[in-house]
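Summary of structural features
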Amino acid sequence: MIIKAYGAHAGNLPLEPLDITRRAPGAHDVRIDIAYCGVCHSDLHQVRAEWAGTIYPCVPGHEIVGRVSAVGAQVSRHRVGDLVGVGCIVESCQHCAECDDGLENYCNHMVGTYNAPTPDAPGHTLGGYSQQIVVHERYVLRVRHPEAQLAAVAPLLCAGITTYSPLRHWKVGPGHKIGVVGIGGLGHMGIKIAHAMGAHVVAFTTSESKRAAAKALGAHEVVVSRNADEMAAHAQSLDFILNTVAAPHDLDAFFALLKRDGTMTLVGAPASPHPAPAVFNLIMKRRSLAGSMIGGIPETQEMLDFCAEHDIVADIEMIRADQINTAYDRMLKGDVKYRFVIDCASLAA
Ligand code: NAP
Ligand code: ZN
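As annotated in an unreviewed UniProt entry, the protein chain carries the name NAD(P)-dependent alcohol dehydrogenase and is attributed to Castellaniella hirudinis. Regarding the protein chain, the UniProt comment filed under Sequence similarities (unreviewed entry) reads as follows: "Belongs to the zinc-containing alcohol dehydrogenase family." The UniProt entry for the protein chain carries this comment under Cofactor (unreviewed entry): "Zn(2+)".

Below, the structure is given as structure tokens:
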């Protein structure tokens, strides 16, 4: 079926309307009429060729929510009419150790929602800045939030799971003092989720304008990281730091804030590396530097259910598809509180 989408033909060109095709649903496939799609900084990195290997035309978008409009004959998990979501994964090998553990995000054959090889035309996956998507039922999540919150649920499919998964893996909870660095799409979800998990949350931002806003999100304390005195007040006091910053920066300033045995986990994926951290900052207090990528499908469902139970959604600004290029420029300036979401009905116009 031919549908409308928004994407780019090259990294230095703006996104524009495109016609793309979706396969007819196979036996295990679910077809989703996309209502909303969140705008992740990864979309910008990929479509502007800041990361290696972008294939064009590139249609970004991996924070997808909508309603099931068709199912294949063998589909058992979803029905026509269900409210569902799709995140960053649309396929994996389904039989390796990672897939068996529900960690499809670490499968060597994981197929991303966009820019990954597929037998479907045009030979690579095309994401959620589009009217419909067809996905194997294993990678389709149930949405239990009220329908009125659907647009604000979309960012949970990437920003939500990318912050929830490391917070769970490093067992963040009551009695922990943790830091969230970079209060953008990911960071603002990190604050909300860590707060709901019972941790004492310190938000670290470069933006003075987010000082009050981060408190409203659930941060117990806010530090403007450019201010050395404010940073020093938290020296050697944090159990864990979730670093979501989308640009290279000095990691040592944050290592100094970790307690003995503390961990800083990087989820931000800047186009060029951070300056190497000082070895002594790690060995002196047995500190760890770690990374984490999105989350597996069972954990994504767990995160969605956790957020529904705790009434957590993203803070969003809704845009039309034809506003995406301006939205990217604003995202780069940190001028969004905190996630743009495309109203996919605007694609029909
Ligand atoms: P975003 O909304 O643009 O937020 C990034 C935040 O980082 C900004 O709001 C800003 O926060 C801070 N920041 C940006 N530039 C900075 C700079 N030069 N110096 C210091 N701080 C800066 O982006 P996002 O969608 O949350 O994504 C963040 C990063 O995570 C991106 O690199 C994205 O590709 C990556 N990502 C990774 C995964 C994964 O699986 N690991 C998943 C999704 C996204 P303040 O204004 O508060 O300083
Ligand atoms: Zn993302």
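What follows deals with the layout of surface pockets. If a probe the size of a water molecule is rolled over the atoms, the empty space left behind becomes visible. Volume-wise, the second largest pocket comes out at about 280 Å³. Contributing to the lining of the second largest pocket are 17 residues, with R23, T118, D120, T125 and V134 lying nearest its centre. Sorting the residues of the lining of the second largest pocket by element identifies β6 (89-91) and β8 (132-136) as the ones contributing at least two each. Its residues assigned to classes, the lining of the second largest pocket comprises eight nonpolar, five polar and four charged.

Here we come to the site of ligand 1. In the vicinity of ligand 1, 28 residues are found, and the nearest of them are H41, T205, T206, S207 and R339. Within the contact set of ligand 1, an oxygen atom lies 2.8 Å away from a side-chain nitrogen or oxygen of H45. When ligand 1 is considered free in solution it has 920 Å² of accessible area, and contact with the protein chains removes 86% of it. Of all elements in the fold, only α1 (41-47) and α5 (185-196) reach the threshold of two or more residues within the shell around ligand 1. Among the elements that make up the shell around ligand 1, the one with the highest residue count is α1 (three residues). A domain split of the shell around ligand 1 shows at least three residues from each of domain 1 (2-158 + 295-348) and domain 2 (160-291).

Counting residues in hydrophobic clusters, the biggest one holds 90 residues, and the most contacted among them are Y129, L167, I178, I191, I324 and Y328. Built from parts of two domains, this core gets at least three residues from each of domain 1 (2-158 + 295-348) and domain 2 (160-291). For L167, the contacting residues outside a window of four places in its chain are V172, I178, G190, I193, A194, M197, F240 and L242. Grouped together as the second largest cluster of nonpolar side chains are 14 residues, M231, F254, F255 and M264 included.

Here we come to the packing of aromatic side chains. By convention here, two paired aromatic rings are described through the distance between centres and the angle between planes. Applying the stated criterion to the full structure yields three aromatic pairs. Aromatic side chains F204 and F254 sit 5.7 Å apart centroid to centroid with 85° between the ring planes, which places their arrangement in the edge-to-face category. Of the two residues, F204 is situated in strand β11 (residues 200-205) and F254 in helix α8 (residues 252-255); the sequence distance between them amounts to 50 residues. There is no split in this pair, since F204 and F254 are both buried.

Another aspect to go through is the sheet that holds strand β10 (residues 177-181). Either a parallel or an antiparallel arrangement is found when strands of a sheet pair, and the pairing is made through backbone hydrogen bonds. One open sheet holds the six strands; their spatial order is β12-β11-β10-β13-β14-β15, and the pairing between them is parallel. Two strands close off the open sheet at either side, each with one partner strand: β12 (221-224) and β15 (288-291). Averaged over all pairs of adjacent strands, the angle between strand axes in this sheet comes to 20°, irrespective of strand direction. Here strand β14 (residues 258-266) runs beside β15; their pairing, made up of four bridges, is parallel. Residue pairing in the sheet places L266 in a bridge with G291 of β15. The sheet contacts of helix α4 (residues 159-169) involve β10, β13 (238-243) and β14, and relative to β13 the element is tilted by about 155°.

Okay, empty space enclosed by the protein next. As enumerated under the stated definition, the model contains one cavity of 30 Å³ or more in all. Estimated volume of the largest cavity: approximately 70 Å³. In terms of lining residues, the largest cavity is bounded by G87, C88, I89, Y139, L141, L157, I161, I294, G295, I297 and T300. Residue composition of the lining of the largest cavity, by class: eight nonpolar, three polar and no charged.

A separate point is the side chain of S292. Position of S292 among the secondary structure elements: in the loop between β15 and α10 (297-309). On the basis of relative accessibility, which here comes to 15%, the residue S292 falls in the buried class. Non-local contacts of S292, meaning those with residues more than four positions away in its chain, are made with Y106, P166, W170, T265, L266 and V267.

Turning our eyes to something else, we now look at the coordination of the zinc ion (ligand 2). A four-donor tetrahedral metal ideally has 109.5 degree angles, and a six-donor octahedral metal ideally has angles of 90 or 180 degrees. In this structure, C40 (SG), H62 (NE2) and C158 (SG) serve as the protein donors to the zinc ion (ligand 2), at separations of 2.0 to 2.2 Å. For the zinc ion (ligand 2), the single-chain donor residues occur in sequence as C-x21-H-x95-C. Of this pair, C40 sits in the loop between β3 (29-38) and α1 while H62 sits in the loop between α1 and β4 (64-71), placing them 22 residues apart in sequence.

The rules we used
- Residues numbered from 1 in each chain as written.
- Chains lettered and ligands numbered in written order.
- Predicted model: local features only at pLDDT ≥ 70, side-chain atom pairs only at ≥ 80, totals over all residues.
- Heavy atoms only, no water.
- UniProt positions renumbered as here; feature names shortened; annotations may be inferred.
- 1 Å grid on protein atoms, 1.4 Å probe; cavity = no way out; pocket = protein on both sides within 12 Å on 5 of 7 lines; lining within 4 Å.
- Points joined across faces, edges and corners; volume = space filled by probe spheres on them.
- Helix = DSSP H or I, 4+ residues; strand = E, 2+ residues; numbered from the N terminus.
- Nonpolar A, V, L, I, M, F, W, Y, C, P; charged D, E, K, R; others polar.
- Near = heavy atom within 4 Å.
- Polar contact = N/O pair within 3.5 Å; in protein donor to acceptor, adjacent residues only side chain to side chain.
- Areas by Shrake-Rupley, 256 points an atom, 1.4 Å probe, with all protein chains shown as cover.
- Domains from an automatic or database assignment.
- Core = buried A, V, L, I, M, F, W, Y, C linked by side-chain atoms within 4.5 Å.
- Buried < 20%, exposed > 50% of the residue type's maximum accessible area, 1.4 Å probe, protein only.
- Contact = heavy atoms within 4.5 Å.
- Phe/Tyr/Trp six-rings, centres within 6.5 Å; stacked < 30°, edge-to-face > 60°.
- Pairing = 2+ DSSP bridges.
- Axes fitted to C-alpha atoms, helices over the stretch in contact; angles between N-to-C directions.
- Donors = N, O, S within 2.8 Å, 3.2 Å for Na, K, Ca; no water.

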